[in-house]
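# Analysis of the macromolecular model
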Amino acid sequence: MMRPSRSDQLYEAARMYYEDDQTMEAIAGAQGVSRSTVSRMLRDARRCGIVRITLQPPESSRLEELAERIRRRHHVEVRVIPTAPGQTEGERLRTVASAGARLLEQMLQPGMTVGMAWGTTVGTLVEQLRPRPSSDLRVVQLNGVINTQGSGLEYVGTMLDRVGSLWEASVHHFPVPTFFEQPEAREALWRERSIRRIRELQNQVQLAVFGVGAFEADVPSHVYTTDYLDEADWAQLREDGAVGDVCTVMLRADGSWRDIRINERSTGPTPEALARIPRRLLVAAGPRKARALGAALRARVATHLVVDESTALRMLALHEDRA
């Protein structure tokens, strides 16, 4: 009968110790060796790879480490929300939006002017808000909403009116198209007195709330599923290399936006305009938004971010792929 090899002996000792939960004394008796020999065998089993031990940090530590990686890279305050096994994209969005709503409530101060950019994520966040009456709050719409069919006002109006009711705040709508057909039309409307008044309020915003739109998101961004963009627009966006938007201003993966042609017709604040707002809360959910989220953070649009774990991991992986 052949004598077991050294590797077989190490494996058997390790199996008895780690799988069968036997003591070193029991293993020594079974193999006819001393306890100290069993100790050395277990050490050698680890060194040669027969035994591989992994440690799973507590959820709070894991999420904080992930948040710190994003914080160092993009200079934002971050809350990473755990992703539950089997969670649907809709459930993930509601969980992240709820966390965003709690943070938004903490950031509110009396007398603030709050700017809100409409979209699927912000709409879900608004559904999670709780009554929070505060004196002299103003809520102003950041980007236009009218689409090529002339609709969209009711969708955003309902959302902002709910905020105004919950906070007892004055609400200021921005009744202009999301995208003008010609840049000249936008410049002409900007000179109208009623529109100038809203734009002056937008310039006074102290806290902005917005999501990130992605062309390939599992829960589609509202602007990409309703009549806001036609085939010519989509072809132009592909030519210009856009991957998504913030406040309906389109971005490339590297965060650039200035020479994307449709932005000449957009009514949302540019990353440059957003940067002048002291506090800027970005809420994002869903791994398919990771590329657009990375673009938004490279454009420096946010000071605070709420994001789910899967999306955060995917975004960092894409960053490493680009490096």
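Thresholds applied
Residues numbered from 1 in each chain as written. Predicted model: local features only at pLDDT ≥ 70, side-chain atom pairs only at ≥ 80, totals over all residues. Heavy atoms only, no water. Helix = DSSP H or I, 4+ residues; strand = E, 2+ residues; numbered from the N terminus. Rg over C-alpha atoms; globule rule 2.2 N^0.38 Å. Areas by Shrake-Rupley, 256 points an atom, 1.4 Å probe, with all protein chains shown as cover. Lys, Arg positive; Asp, Glu negative; His and termini not counted. Charge placed at Lys NZ, Arg CZ, Asp CG, Glu CD. Phe/Tyr/Trp six-rings, centres within 6.5 Å; stacked < 30°, edge-to-face > 60°. Buried < 20%, exposed > 50% of the residue type's maximum accessible area, 1.4 Å probe, protein only. Polar contact = N/O pair within 3.5 Å; in protein donor to acceptor, adjacent residues only side chain to side chain. Axes fitted to C-alpha atoms, helices over the stretch in contact; angles between N-to-C directions. Parallel < 35°, antiparallel > 145°, perpendicular 65-115°, else oblique. Left-handed = near helix turned anticlockwise from the far one by under 90°. Contact = heavy atoms within 4.5 Å. Nonpolar A, V, L, I, M, F, W, Y, C, P; charged D, E, K, R; others polar. Salt bridge = Lys/Arg side-chain N within 4 Å of Asp/Glu carboxyl O. Pairing = 2+ DSSP bridges.

## Some points on the overall build of the protein
Counting its secondary structure elements, the protein contains 14 helices and 10 strands. Taking 2.2 N^0.38 as the reference for a compact globule, 323 residues should give roughly 20 Å; the C-alpha atoms of the protein span a radius of gyration of 27 Å, well beyond that estimate. As displayed, the protein offers around 16,200 Å² of accessible surface, 47% of which is attributable to carbon and sulfur atoms. One finds the centroid of the 43 positive side-chain charges in the protein at a distance of 6 Å from the centroid of its 42 negative side-chain charges.

## Things to note about the packing of aromatic side chains
Counting across every chain of the model gives five aromatic pairs. Between F215 and W234, the aromatic rings sit 5.2 Å apart at their centres with planes inclined by 80°, giving edge-to-face as the arrangement. With F215 in the loop between β6 (213-214) and α10 (222-225) and W234 in helix α11 (residues 231-240), this pair connects stretches of sequence that are 19 residues apart. Owing to a relative accessible area of 19%, W234 belongs among the buried residues under this scheme. The structure contains a cluster of three or more aromatic residues connected by ring pairs, namely F174, F180 and W190.

## Examining the side chain of T303
One can find T303 in the loop between α13 (290-298) and β10 (304-308). Of note is the side chain of T303, whose polar atom sits 2.8 Å from the side chain of H304.

## Observations concerning the packing of helix α1 (residues 6-19) against helix α2 (residues 24-31)
Running from N to C, α1 and α2 cross one another at 140°; their axes reach a closest spacing of 10 Å. Relative to α2, the element α1 is oriented oblique. Considering the relative orientation of α1 and α2, their crossing is right-handed. Residues Q9, E12, A13, M16 and Y17 of α1 touch α2, and the partners they reach there are M24, I27, A30 and Q31. Class assignment of the residues belonging to the contact of α1 with α2 gives a composition of six nonpolar, two polar and one charged.

## Things to note about the pattern of salt bridges
Oppositely charged side chains can pair when the atoms bearing their charge come close. Scanning the entire structure with this criterion turns up 20 salt bridges. Close ionic contact of D44 with R43 constitutes a salt bridge, the shortest N to O distance being 3.3 Å. Across the pair R261 and D240 runs a salt bridge whose closest N-O atoms are separated by 3.0 Å. Remark: D240 occurs in helix α11 and R261 occurs in the loop between β8 (249-252) and α12 (271-274); sequence separation between them is 21 residues. Given the relative accessible area of 35%, R261 is considered partly exposed. Judged by its relative accessible area of 11%, D240 is buried.

## Structural notes on the sheet that holds β6
Overall, antiparallel pairing links the three strands, which are arranged β6-β7-β8 in an open sheet. Each edge of the open sheet carries a strand with a single partner, namely β6 and β8. Note that strand β7 (residues 242-246) and β8 share four bridges and pair antiparallel. In the sheet register, D245 faces β8, and the bridge partner there is M250. Packed onto the sheet, α13 meets β6, β7 and β8 and runs at close to 65° relative to β7.

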